[in-house]
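Below, each chain spelled out in residue letters.
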Amino acid sequence: MSLISKPFDDSGVDMVDDIARYGTLISKRIEQFRQRNHLRGSTGNTLSGLEVTLALCETLSRIIDTSSHEPYRTECARAVDTIFLESVSVDSLSGPEPTFKVRQSQDLMQEISSILADDQALPGDGSVPLQTVLLALVWSALIFATESLPADQARAWVRQYIMHSAAPVLYH
């Protein structure tokens, strides 16, 4: 179960609800993609939670780069700490410290792009603010990261990736 902390008054509750709704929808669609690919045997094995997280964070970074509004990166990294997730059994999550060197799936990247372009998932009429979409991607990234890491490590991994994935600036 995933929860995001809500303020005591009603300010911001609608945005929080939207983030949760869109983040959950993105996560469900990606999980369906993983199951379809696993059943077809097209990926050899199911994509790990960290592989999905990497693709979501990469998508998030590309959107930020395209928007040319770099403060979104810091805001998204800070938001990682406001989304509270119940961790899966910590005992089942032991393993080596992850790095950002996980396999990149182009099929998954295309699936994420198609989810974001699907008017049934996220209305394309501009009624969903960019910040809500970005935070829904953060939500989903954390959900998948907690498949492979305890919640605190998942948070640190996602936050670090978001902050260090800025496109390099070219100087002439």
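The structure we're discussing is the one just above.
Okay, so let's go over this structure. None of these values were measured; they are calculated from a predicted model. (Residues numbered from 1 in each chain as written. Predicted model: local features only at pLDDT ≥ 70, side-chain atom pairs only at ≥ 80, totals over all residues. Heavy atoms only, no water.)

Secondary structure summary: the protein contains 6 helices and 2 strands in total. Evaluated residue by residue, the protein yields a buried proportion of 41% over its 172 residues. Across the protein, the fraction of contacts at a sequence separation of at least 24, relative to all contacts at a separation of at least 6, is 83%. (Helix = DSSP H or I, 4+ residues; strand = E, 2+ residues; numbered from the N terminus. Buried < 20%, exposed > 50% of the residue type's maximum accessible area, 1.4 Å probe, protein only. Contact = heavy atoms within 4.5 Å.)

Glancing now at the side chain of T132. Along the chain, T132 falls in helix α5 (residues 130-145). Those residues in contact with T132 that sit more than four places away from it in its chain are M15, D18, I19 and Y22.

To continue, consider the packing of aromatic side chains. Counting across every chain of the model gives 1 aromatic pair. Ring geometry for W157 versus Y161: centroids 6.5 Å apart, planes at 20 degrees, classification stacked. Here the residue W157 and the residue Y161 both occupy positions in helix α6 (residues 151-163), the gap between them amounting to 4 residues, near one helical turn. Pair check on accessibility: W157 and Y161 agree, each one buried. Looking at R21, its charged tip hangs above the ring of Y22, at a distance of 5.2 Å from the centre. (Phe/Tyr/Trp six-rings, centres within 6.5 Å; stacked < 30°, edge-to-face > 60°. Lys NZ or Arg CZ within 6 Å of the ring centre and 35° of its normal.)

A few words now on the pattern of salt bridges. Scanning the entire structure with this criterion turns up 9 salt bridges. Salt-bridge contacts for R159 lead to D81; the nearest nitrogen and oxygen are separated by 2.7 Å. Remark: D81 occurs in the loop between α3 (71-79) and β2 (83-85) and R159 occurs in helix α6; sequence separation between them is 78 residues. Residue class for R159 comes out partly exposed when judged on its relative accessible area of 28%. (Salt bridge = Lys/Arg side-chain N within 4 Å of Asp/Glu carboxyl O.)

Take the packing of helix α2 (residues 49-67) against α6 next. Relative to each other, α2 and α6 sit at 35 degrees, their axes nearing to 10 Å. Judged by the twist between their axes, the crossing of α2 over α6 is right-handed. Of the residues in α6, those touching α2 at L50, T53, L54, C57, E58, L60 and S61 are W157, V158, Y161 and I162. Here the contact of α2 with α6 is composed, by residue class, of 8 nonpolar, 2 polar and 1 charged. (Axes fitted to C-alpha atoms, helices over the stretch in contact; angles between N-to-C directions. Left-handed = near helix turned anticlockwise from the far one by under 90°. Nonpolar A, V, L, I, M, F, W, Y, C, P; charged D, E, K, R; others polar.)

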